[in-house]
Amino acid sequence: MVNFVLRRLVLAALVSLTVLTLAFTLTRLSGDLAISIAGPSATQEDIELVRRSYGLDRPLLEQFFAWVSRAAVGDFGESFFFRARVSDLILERMPVTLTLGLVGLSIALVVSIPMGILAAVRENTWVDRVVQLIAMLGQAMPGFWIGLIMMIFFGLQLGWLPVSGTGSWEHYVMPGAVLAFSAIPALTRLTRSGMIQALGSDYIRTARAKGLSRFSILFKHALRNAALPVVSIASVQLGFMLGGSIVIESVFALHGVGFLAWESITKNDFPVVQAVVLVLAVIYVGLTLAADMLNALLDPRLRG
Amino acid sequence: MSLLEIRDLHVRFGATAAVRGADIVVERGETHCIVGESGCGKSVTSLAVMGLLAKGAQRRAGRMAFDGIDLQPMSERQLSRLRGDRMAMIFQEPMTSLNPAYTVGSQMAEVRTRHKGGSRRAALERAEELLAKVGITAPGLRLGQFPHQLSGGLRQRVMIAMALMNDPELLIADEPTTALDVTIQAQILRLLAQLQSELGLGLMLITHDLGVVARVATRVSVMYAGQVVESAPTAELFANPQHPYTRGLLDCLPVPGKLPPGSQLGTIPGMVPKLTEDFRGCGFRSRCGFAQPACENEIPLTGDNHLCRCVLAQ
């Protein structure tokens, strides 16, 4: 187990380093940064000044190592546009994004796991068909559209939930539900197919031959084996929710990291873009690592 | 009262008749072997007794009783109180029959606490004793191991030990050695025979190996095409086979000293018929040298101690 954890940690570090390099390279590939920072009305001298003061005249490798060594201790420099430390900008917005992602994932799991189990237990009955129809509808409807419909219905017509902002927990319900919508189809289908496979297995026949209760057969013996792909995909989905919630954040005017990324991309604020990409990537790697660990806890065969 | 009494059992999967007349009686403390080739319905019969048939299977029987308790009207919940407690089963596939996610100890202990209550610790102690009893060395260590850390032979021993956790009166073993190496097969078989006599189990052993039957069985029932065609005490069946199929089977066995070297073993010509729901009469008639028009009617299983389902035996 210790070996397994160590191996996974080294892998995670390598992936993070690769992302770091990519984030740095991609921002450099998007044109001459000095020109875009200096602005359209800048003279040649202004541009040269910007280039020197930001260290953009140094060799690329030197710039890279300077950035990496500072990034390693959490110093991502200053934003050109916000006139603030990048780390502060991200830290300030991270809670919104994290809350949103966790609310979204929780709703998704609470809905899709019971639906998937139900569909598997009632395989090929109308219950199963209804569940699959719901999953298909969820996949077919774009998030921003569901968001707007929900705002009109629950926010304006019924007045149950606030339509924008981050003041209270109620603010997270609708955007969380919209994010959950995107994850529910895959999670439901995986739970369903995993449970169908598990319930048809020899060890479930053994469990029944042992006279175990229906509850124990379903939840102790079948679900634990069916959970592995669900855990893996749930972590990927959470990663999507954290990194890809730009649309939902703008629909519901939530100022999270996704919104920050979009703003800084449009303004060519490359220290922020680089840092956001890196932070989200590291979170993503961390989530995958957590999913692997959880799966190893669930299935002893993966601990080797 | 017999330990297990099955009369006129029928099982259908859609339009296919898997079992169409199985009569099997297992007495307390005897080893009753069910023999027959693949697809003859012997596994389905055992699964039907345990209530473990796949979804969509239709089962009906004249009588199906365990220790005088009628199994037919029982709900899944009522049946689950008997299974694993008074009647237990082991399977053909030791590699996949244990749950990969739980330790051997956990899987053994739960069947004890489920039926007999008591603490998990007491159940684990019993599990350790039984692992030792089925010939597993370092049983304490095995309790904490997972199935994937054990070989096929060890897993089948674990399955046997697990089946014995609650001192069952009936143990059904569905081809327990088929998936194992030949050397391991003999060990497992010896173990089963030894446990059976030691614990006084009623053992229903399903096999296609007549050698196994000769060594361990008290009584043999031969199944063909979904029916029990002959049932007799072991020595009687081998000495005096009545049904043409049984005779054909025994002719296929190489017997040292009886056959001159170089001569060919017997074979049974033809194929097993396709058993649709409207198939009537003897399933063996298309391959039988004694077939006659009467073979197309339903033929009852007749006889007292040596039962046979054949028009010639009427």
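Residues numbered from 1 in each chain as written. Chains lettered and ligands numbered in written order. Predicted model: local features only at pLDDT ≥ 70, side-chain atom pairs only at ≥ 80, totals over all residues. Heavy atoms only, no water.

Per an unreviewed UniProt entry, chain B goes by the name ABC transporter ATP-binding protein and belongs to Rhodovarius crocodyli. Checking UniProt for chain B, the heading Subcellular location (unreviewed entry) contains the comment "Cell inner membrane". (UniProt positions renumbered as here; feature names shortened; annotations may be inferred.)

Under an unreviewed UniProt entry, chain A has the name ABC transporter permease and belongs to Rhodovarius crocodyli. Looking at the Subcellular location (unreviewed entry) heading of the UniProt record, one finds this comment for chain A: "Cell membrane". Recorded under Sequence similarities (unreviewed entry), the UniProt text for chain A is reproduced unchanged: "Belongs to the binding-protein-dependent transport system permease family."

Draft legend 1. A look at the packing of helix α6 (residues 126–140) of chain A against helix α8 (residues 170–199) of chain A. Residues and elements named next belong to chain A. Closest axis-to-axis distance for the α6/α8 pair is 7 Å, and the angle between their directions is 145°. Helix-helix and strand crossings are classified by hand; for α6 and α8 the assignment is left-handed. Across the interface between the two elements, D128, V131, Q132, A135, G138 and Q139 of α6 pack against F181, P185, T188, R189 and R192 of α8. A breakdown of the residues in the contact of α6 with α8 according to their chemical character gives four nonpolar, four polar and three charged. (Axes fitted to C-alpha atoms, helices over the stretch in contact; angles between N-to-C directions. Helix = DSSP H or I, 4+ residues; strand = E, 2+ residues; numbered from the N terminus. Left-handed = near helix turned anticlockwise from the far one by under 90°. Contact = heavy atoms within 4.5 Å. Nonpolar A, V, L, I, M, F, W, Y, C, P; charged D, E, K, R; others polar.)

Draft legend 2. View of a nonpolar patch on the surface. Residues and elements named next belong to chain A. Together, F144, W145, L148, I149 and V247 line one region of the surface with nonpolar side chains, adding up to about 470 Å² of accessible area. Among the elements that take part in the nonpolar patch, helix α7 (residues 143–157) stands out by supplying four residues, more than any other. We classify I149 as partly exposed; its relative accessible area is 42%. (Patch = residues over 30% accessible without salt bridge, like charges linked within 9 Å, V, L, I, M, F, W, Y side chains within 5 Å. Areas by Shrake-Rupley, 256 points an atom, 1.4 Å probe, with all protein chains shown as cover. Salt bridge = Lys/Arg side-chain N within 4 Å of Asp/Glu carboxyl O. Buried < 20%, exposed > 50% of the residue type's maximum accessible area, 1.4 Å probe, protein only.)

Draft legend 3. Highlighting the interface of chain B and chain A. Tallying the contact residues gives 29 residues for chain B and 21 residues for chain A. Both faces considered, chain B and chain A share a buried interface measuring about 2200 Å² in area, 51% of it formed by carbon and sulfur atoms. Sorting the residues of chain B by area buried against chain A places P100, Y102 and E110 of chain B first, and these three jointly supply 26% of that buried surface. Scanning the region where chain B abuts chain A turns up four salt bridges. Here K210 of chain A makes a salt bridge to E110 of chain B, at a shortest N to O gap of 2.8 Å. On the surface where chain B and chain A come into contact, there are 18 residue pairs in polar contact (both at pLDDT 80 or more). (Buried area = accessible area lost by both parts, 1.4 Å probe. Polar contact = N/O pair within 3.5 Å; in protein donor to acceptor, adjacent residues only side chain to side chain.)

Draft legend 4. The pairing of strand β11 (residues 227–233) of chain B, seen in detail. Residues and elements named next belong to chain B. Burial analysis of β11 places six of its seven residues in the buried class, the great majority of the element. In this sheet, β11 lies alongside strand β10 (residues 219–224) in antiparallel orientation, the contact comprising six bridges. Residue M223 lies in a different strand from β11, and its bridge partner there is V228. Following β10, the chain reverses through two residues before pairing antiparallel with β11; A225 in that reversal takes a positive phi of roughly 50°. (Pairing = 2+ DSSP bridges.)

Draft legend 5. Spatial organisation of helix α10 (residues 244–251) of chain B. Residue and element names in this part refer to chain B. Of all eight residues in α10, six are buried; the element is thus mostly enclosed. Of all the positions in α10, only P244, Y245, T246, G248, L249 and L250 are classed as buried. Those residues of α10 hidden inside the fold are in contact with α8 (210–216), β10, β11 and α9 (234–239).

Draft legend 6. Representation of the packing of helix α3 (residues 104–116) of chain B against helix α4 (residues 120–133) of chain B in the model. Residue and element names in this part refer to chain B. At a closest axis distance of 8 Å, the pairing of α3 and α4 adopts a crossing angle of 115°. By the angle class used here, α3 and α4 are roughly perpendicular. By crossing handedness, the relation of α3 to α4 is classed as right-handed. Residue-level contacts link V104, G105, S106, M108, A109, R112 and T113 of α3 to R120, A123, L124, R126, A127 and L131 of α4. (Parallel < 35°, antiparallel > 145°, perpendicular 65-115°, else oblique.)

Draft legend 7. Expanded view of the packing of aromatic side chains. Here the structure, examined in full by the defined rule, presents eleven aromatic pairs over all chains. Pairing F64 of chain A with F65 of chain A gives two aromatic rings, centres 5.5 Å apart and planes at 65°, and the pair type is edge-to-face. Members of the aromatic cluster, each reached through a chain of ring pairs, are F24, F64, F65 and W67 of chain A. For K220 of chain A, the ring lying beneath its charged end belongs to Y102 of chain B, and the centroid distance is 5.1 Å. (Phe/Tyr/Trp six-rings, centres within 6.5 Å; stacked < 30°, edge-to-face > 60°. Lys NZ or Arg CZ within 6 Å of the ring centre and 35° of its normal.)

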